[in-house]
Amino acid sequence: MKDSTRAAAYLLPFVAALAVAPLLLPEFYVTLLNYIGLYAIVALGLVMLTGVGGLTSFGQAAFVGLGAYTSAYLTTVHGLSPWLTLPAGLLVTAVVAVSLGLVTLRLSGHFLPLGTIAWGISLYYLFGNLEVLGGHTGISGIPPLQILDREIKSGREFFYLIWAVLLVVVLGTRNLLDSREGRAIRALRGGSLMAEAMGVDTPRAKIVIFTVAALYASVSGWLYAHLQRFVNPTPFSLTQGIEYLFMAVVGGVAHVWGAIVGAGLITILKQWLQDWLPIVLGQSGNFEVIVFGLLMIFVLHRARDGVWPIVTRLFPPPARRRSAPTSVAETESPPRLPLARRPRPESGSLLLEVTRASKRFGGLVANDNVSFTVRAGEVMALIGPNGAGKSTMFNGISGVDPLTSGGVSFRGQRVESLPARDIARLGMSRTFQHVRLLTGMSVIENVAIGAHLRGEKGFLAAACRADRAEEARLFDEAAWQIERCGLAEQMHDAAGSLPLGKQRLVEIARALAADPCLLLLDEPAAGLRYLEKQALADLLRRLRAEGIGILLVEHDMDFVMGLADRVLVMEFGRQLATGLPAEIQRNPAVVEAYLGGVE
Amino acid sequence: MRVLDDDGDDGQTVVLQVRGLSVSYGKVDALHGIALRVHRGEIVTVIGPNGAGKTTLLCALIGLLPVRGDIVYLGERQDAGRSVEKLVRQGMTLVPEKRELFAEMSVEDNLLLGAFDRYRVGHRDQLETIDQVYDIFPRLMERRQQMAGTLSGGERQMLAMGRALMAKPRLLLLDEPSLGLAPLVIREIFRTISQLKKLGVAILLVEQNARAALQIADYGYVLETGELSLEGRSRELLTDQRVVESYLGLGGRH
Amino acid sequence: MDLQIALLLGQDGLTNGAIYALLALALVLVFAVTRVIFIPQGEFVAYGALTLASLQAGRLPGTVWLLLALGAVIAVVDGSLAIRARQFKRLPWIVLLSCGVPLLLVGALLAVSAATLPLPVQVLLALMLVVPLGPMIYRLAYQPVAEASVLVLLIVSVAVHVTLIGIGLLFFGAEGSRTPPFTDVSLEIGDALLQGQTILVVVASVVLIVALYFFFERTIYGKALRATAMNRTGARLMGISGSLAGLLSFTLAASIGAFSGILISPITTIYYDSGFVIGLKGFVGAIIGGLASYPVAAAGAVLVGLLESYSSFWASAFKEVIVFTLIIPVLLWRSLKARHVEEE
């Protein structure tokens, strides 16, 4: 994340301030900071889940409870060391989170939060009603943590532990988001269609972030249990779960540091409101929720990115560019640290064979018995009037929306029933007619998503930065593809700030970053100016010369006729004609199809 | 049979006048400097190849997209406060390219909802209007109890048009009524469109099917990559070689 | 468990199930039309019950102040929008509608002593105080972000929910209320005693469901709501604006919520925060129906009521755990049924 990378300049003074804080502050504030730290760990999980992945959970408090209760029970009843109960709590949490994720994540997005509400409530009642967990009175007498014979009992000592954990989690999360898997997670927000076409296993990515968020909560719960040395169900209720989400949203749900800001703001505000509101209202009760609720509505209406972007605006960090991609030379040359390339099929060999492909939507026949081939080193254009079924055909071939009947074989393998991500793995890459870029991310990061399948470092490697060499190679590759597409100058701009025509070029660069044998381009020239179209045609010619097969849907006839080797005309889902461009332009049936007519 | 609501409209023949209209998606102009005019009782067509911006034009006119430039509708200059709802109330109706029917409702309910806004402001003549629409599209009468989602392509287009007529429009915007239809059905639909003209409603017809559109239109414009490149009496455009060129990329221009 | 207890539990389960069914229908309606997951539905149940209880106890219900406050805020918001658009003619109407009507209600309440009025009038008054809160909350909290994602709307819902809980505590206090039964009649069928209140709840729910059915099938406004749920763009082109559909569906949901609260307040003690859990049980029903099917949602909700009732007999401490854990197999079942989901 750009903001958080830049914020690193403030990291050192921040850590220094943390180091001296418990020495200078009175006990009350140390306790407050301890809670802020504990809450921020949970909120951080929500940042990843909600702000980055586009999912959400109201049940994080229940995960905190799982961590806390597991440790409380195992230490008091079975006398285990807290250092053993931490992994035990994490294990229990992971099992619950993965099963809950498996159950809900295949459904549309809102079923997960609804599931977490129900789950949050039932776990709360379970804690309160299980005799072994002490019922509503809870479990007391939890042993303190011990580090090298030293018991960590005081709040001041605990402060260092909590904030050390928090910093590790923050940095780990930041690293993770700035990695191959991190980009895959961020791609979830753009809908799973694009991510799947780039080879991302989206259900797995969703389950992973849901589980990681739950694990953060569990760690926080473990710390809480040994700080308080007493647990009861109250702090793990749904209300608290909702408050965690408020912290993340108010702080800035898309920003790692927003979690800390949000946890701090809400905790301090709550403290203050709990002192003042009962006096103002002349009654006692949890009236701060009124203010929190209204504050949330206000934030969602007026500043959906929360407070953190405002903080960065007040303290503009020194500009810093990422190191990996800028090392690339400005001239157009293959990357110096090449990624493995797949062997190219020989030019002229059969790449794609579509046989009698049909697609029906209810009674509507969108594709009717279409057959054609694409060879390596050839540009095949698919044209036809609106509604002829061209994009449907694209979706059928690339596995995004499988055919009703008929066969697709790609490089000798039947692919018509494979999911999009497996077809992508075989070397087919595509662009979308309606541009699907992550508008807030830079061009190069978007393009790097295309190279997803060419890296292999996972979440753990990313979190501890063991993936830097591979990342550098991925970014070199992305930078090279961007330059080939003529976008070198916009490499670090936010993709959404580019004009639509250029965004289409970014889509092509992203597809190329996958090192495809076959490229499916859906209206690549739309929105481009004349000279840009020329440049695009040149690029496609060069790709063709390299032996890549290209299947192209395009409306600009000048562009198509000047570029394509063969043209397939579709009308009403049927194959009207196939042939050389010149033949097609003279074909009376094609002229008829384009100009239409009633006798 | 009178589908048009013609109270207080005498003498004013220009229904829609557009000058210097531009629409942009992000930084790219999807439409640039469009100028056109539609008179009462006239069919005006905008033809052009795929991706020229035809649908964008209609969406902009009905208020679904923000625009720059002048739109004068029924003698009133449209300001920033324009909205789909307001334009619908003033008798502008769009039959969208995708039809946008209410699939799990009967044909008759779809038609009734076409008159929703008239019902809301107090008109209670829906039953008569529905009979008039059935006169125009007898097929809808036969299918009145059928769910809209189960209709054939041609019937869907008829329903979309019938639903629009229920609002008693002064200006009917038609977006590619021929889309995805077989030639015989297209002929039927277009014959109906030319009949509507006789009822006095102004029609702006956007079509890719240039010949069919020009055969029933009075006046035509050719839209190419966001700009109007050609205009004229439709009889003249029908034989203009440049129309063919713009469709098939034969011109070798630029 | 002998037959008599089984019947008694069944009766309880059916009564609660009928209420959950009403709420489930409202939730499906609001979601289909506005994409809002209406978490605050339960607060309308509590507000309805507690407002009626306040009226019967001769107190001025706190809902009055909320109504006035929301009215004033709407007058300011809509008024300044009208001024900015130079539509000065609308100003008096805005003020009259959003401030005048609530003031009139307050005046009427102060003028008569509500405690002495006949029950139907009290019920009507309670509804008049609570139902307008629905569209008002839609106008202020949801309409400005109507185009946002389901996720954002859901978070707004949760925010509205906690706000209303806090306000509920402020207005009605922490003590619960129970209104006297609408009827003392009871029927003896064989060994079982059938409570009049139970019959009333079930009958009223069925009547309301039938009325809703007619509204959606026979009236043009009901059809307009269904049309919006099916095809937003299509509906807009007919002049059915999103905000009109939103206001209408929130009015219905608020009516159903408040009415449900009034129906059950003689059966259970209602606290300021009781509505939430009641509403969530409606949700479990709605989720069984996939947030899309009305009949399945209603049937699911009745099932939830029965399950709750019987589990309170077998394992009363785990009643809530059992009911809310039901959602897991339900989601699993739906997930296995779902083939391809693309959220956009």
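Calculation criteria
Residues numbered from 1 in each chain as written. Chains lettered and ligands numbered in written order. Predicted model: local features only at pLDDT ≥ 70, side-chain atom pairs only at ≥ 80, totals over all residues. Helix = DSSP H or I, 4+ residues; strand = E, 2+ residues; numbered from the N terminus. Buried ≥ 20, exposed ≤ 12 C-beta atoms within 10 Å, placed from the backbone. Contact = placed C-beta atoms within 7 Å. Axes fitted to C-alpha atoms, helices over the stretch in contact; angles between N-to-C directions. Parallel < 35°, antiparallel > 145°, perpendicular 65-115°, else oblique. Left-handed = near helix turned anticlockwise from the far one by under 90°. Nonpolar A, V, L, I, M, F, W, Y, C, P; charged D, E, K, R; others polar. Domains from an automatic or database assignment. pLDDT = per-residue confidence, 0-100. Core = buried A, V, L, I, M, F, W, Y, C linked by C-beta atoms within 7 Å. Expected span 1.5 Å × (residues − 1). Pairing = 2+ DSSP bridges.

1. Observations regarding the overall build of chain A
1) Next: Of regular secondary structure, chain A possesses 25 helices and 14 strands.
2) Next: In terms of principal-axis extent, the alpha carbons of chain A reach across some 90 × 55 × 50 Å.
3) Next: Across the 599 residues of chain A, 55% fall into the buried class.
4) Next: Looking at chain A alone, contacts between residues at least 24 apart form 75% of all its contacts between residues at least 6 apart.

2. Thoughts on the packing of helix H6 (residues 111–129) of chain A against helix H12 (residues 274–288) of chain C
1) Next: Put simply, H6(A) and H12(C) touch, their axes get as near as 11 Å, and they point 135° apart. Considering their axes alone, H6(A) and H12(C) lie oblique with respect to each other. Remark: the crossing between H6(A) and H12(C) carries left-handed chirality. For the pair formed by H6(A) and H12(C), the contact residues are Leu114(A), Ile117(A), Ala118(A) and Ile121(A) on the first element and Leu280(C), Phe283(C), Val284(C) and Ile287(C) on the second.
2) Next: Residues that form the contact of H6(A) with H12(C) fall into these classes: 8 nonpolar, no polar and no charged.

3. Structural notes on the interface of chain C and chain A
1) Next: Contacts between chain C and chain A engage 42 residues on the former and 41 residues on the latter.
2) Next: Among the secondary structure elements, those contributing two or more residues to the side of chain C that touches chain A are helix H7 (150–172), H12, helix H14 (319–325) and helix H15 (327–337) of chain C.
3) Next: Broken down by element, the residue count for the side of chain C that touches chain A peaks at 16 residues, all from H7(C).
4) Next: Broken down by class, the residue content of the side of chain C that touches chain A amounts to 33 nonpolar, 4 polar and 5 charged.

4. What to know about the interface of chain A and chain B
1) Next: In this assembly, 23 residues from chain A lie in contact with 27 residues from chain B.
2) Next: Elements that contribute at least two residues to the side of chain A that touches chain B include exactly helix H21 (500–512), helix H23 (557–563) and helix H25 (588–595) of chain A.
3) Next: With 4 residues, H23(A) is the single largest residue contributor to the side of chain A that touches chain B.

5. Some thoughts on the domain arrangement of chain A
Residue and element names in this part refer to chain A.
1) Next: Per the domain assignment, the segments making up chain A are domain 1 (2–314), domain 2 (346–427 + 516–599) and domain 3 (438–514).
2) Next: Inter-centroid distance (C-alpha atoms) of domain 1 to domain 3 is 31 Å.
3) Next: Counting residues at the interface gives 17 residues for domain 1 and 19 residues for domain 3.
4) Next: When residues of the side of domain 1 that touches domain 3 are traced back to their parent elements, those giving at least two are helix H7 (155–177) and helix H8 (180–187).
5) Next: Considering each element in turn, the side of domain 1 that touches domain 3 owes the most residues, 7 residues, to H8.
6) Next: Partitioned by chemical class, the residues of the side of domain 1 that touches domain 3 number 6 nonpolar, 6 polar and 5 charged.

6. Some remarks on the packing of helix H3 (residues 107–114) of chain B against helix H9 (residues 220–230) of chain C
Two numbers describe a pair of packed helices, the interaxial angle and the distance between the axes.
1) Next: Direction vectors running N to C along H3(B) and H9(C) enclose 100°, while the axes themselves pass 10 Å from each other. By the angle between their directions, the pair H3(B) and H9(C) is classed as roughly perpendicular. Here Asp109(B), Leu112(B) and Leu113(B) of H3(B) come into contact with H9(C), specifically with Ile220(C), Lys223(C), Ala224(C) and Ala227(C).
2) Next: Grouping the constituent residues of the contact of H3(B) with H9(C) by class yields 5 nonpolar, no polar and 2 charged.

7. Structural notes on the confidence of the model for chain A
1) Next: Summary statistics for chain A give a mean pLDDT of 89 and a share of 94% for residues scoring 70 or more.
2) Next: Overall, residues 320–332 of chain A carries pLDDT values under 50, and its contacts beyond four positions in sequence, including any with other chains, amount to 18 contacts.

8. A closer look at the nonpolar core
1) Next: If you look at the biggest cluster of nonpolar residues, it comprises 379 residues, and the most contacted ones within it are Ala43(A), Leu44(A), Leu173(B) and Ala24(C).
2) Next: The element that contributes the greatest number of residues to this core is helix H10 (residues 202–228) of chain A, accounting for 16 residues.
3) Next: The residues touching Ala43(A), leaving out its near neighbours within four places in the chain, are Tyr244(A), Met247(A), Ala248(A), Gly251(A), Ala259(A), Gly262(A) and Ala263(A).

9. Some details on helix H5 (residues 82–104) of chain A
1) Next: Look at H5(A): 32 Å from first C-alpha to last across 23 residues, which is about the 33 Å you get at 1.5 Å a residue.
2) Next: On its buried face, H5(A) is in contact with helix H4 (60–77), H6, strand S2 (145–147) and H10 of chain A together with H15 of chain C.

10. Section: unusual backbone geometry
1) Next: One non-glycine residue, Asp149(A), adopts positive backbone phi at about 70°.
2) Next: Inspection of the secondary structure assignment puts Asp149(A) in the loop between S2 and strand S3 (150–152).
3) Next: Positive phi outside glycine occurs at Leu74(B), with the angle close to 50°.
4) Next: Within the fold, Leu74(B) resides in the loop between strand S4 (68–73) and strand S5 (76–77).
5) Next: Assessed through the 16 C-beta atoms surrounding it within 10 Å, Leu74(B) is described here as partly exposed.

11. A closer look at the sheet that holds strand S7 (residues 379–383) of chain A
Residues and elements named next belong to chain A.
1) Next: With respect to topology, 6 strands assemble into an open sheet ordered S10-S11-S12-S7-S13-S14, the strand pairing being mixed. For this open sheet the edge positions go to strand S10 (428–430) and strand S14 (574–579), each flanked by a neighbour on one side alone. The mean inter-strand angle of the sheet, taken between neighbouring strand axes irrespective of direction, is 15°.
2) Next: The pairing of strand S11 (residues 518–522) with strand S12 (residues 549–553) spans 5 bridges and is classified as parallel. Within S12, the position partnered with Leu521 by the bridge is Leu552.
3) Next: Helix H16 (residues 390–397) rests against S7, S10, S11, S12 and strand S13 (566–571) of the sheet, and its axis sits at about 150° to S11.

12. Examining the confidence of the model for chain C
All names here are of chain C.
1) Next: In the predicted model, chain C carries a mean pLDDT of 90, and the fraction of residues at 70 or more is 98%.
2) Next: Ignoring residues within four places in sequence, the model shows residues 340–344, a span with pLDDT below 50, making 10 contacts including any to other chains.
3) Next: Prediction confidence for the complex, expressed as pTM and ipTM, is 0.89 and 0.92 respectively.

13. Quick word on the environment of Ala40(A)
Residues and elements named next belong to chain A.
1) Next: Tracing the sequence through the fold places Ala40 in helix H3 (residues 27–52).
2) Next: Separated by 37 residues in the primary sequence, Ala40 and Val77 have C-alpha atoms spaced 30 Å apart.
3) Next: The residues contacting Ala40, other than those within four sequence positions of it, are Leu166, Ala259, Ile260 and Ala263.

14. What to know about the sheet that holds strand S6 (residues 92–95) of chain B
Residue and element names in this part refer to chain B.
1) Next: Sheet architecture is open: 6 strands sit in the order S6-S7-S8-S3-S9-S10, paired in mixed fashion. Each edge of the open sheet is held by one strand with a lone partner, namely S6 and strand S10 (227–233). The sheet shows a mean angle of 15° between the axes of neighbouring strands, direction not considered.
2) Next: Where helix H1 (residues 54–62) meets the sheet, its contacts fall on strand S3 (43–47), S6, strand S7 (171–175), strand S8 (202–207) and strand S9 (219–224), and the angle it forms with S7 comes to roughly 150°.

15. Examining the pairing of strand S1 (residues 186–189) of chain C
Walk down a regular strand and you will see the side chains alternate between the two sheet faces.
Residues and elements named next belong to chain C.
1) Next: Strand direction decides the pairing type here: S1 and strand S2 (residues 192–195), joined by 4 bridges, are antiparallel. Within the sheet, the bridge partner assigned to Ile189 lies in S2 and is Ala192.
2) Next: Here S1 hands over to S2 after 2 residues, with Gly190 in that stretch at a positive phi of 65°.

16. What about the environment of Pro138(B)?
1) Next: Within the secondary structure layout, Pro138(B) lies in helix H6 (residues 138–142).
2) Next: Given 10 C-beta atoms within a 10 Å radius, Pro138(B) is considered exposed.

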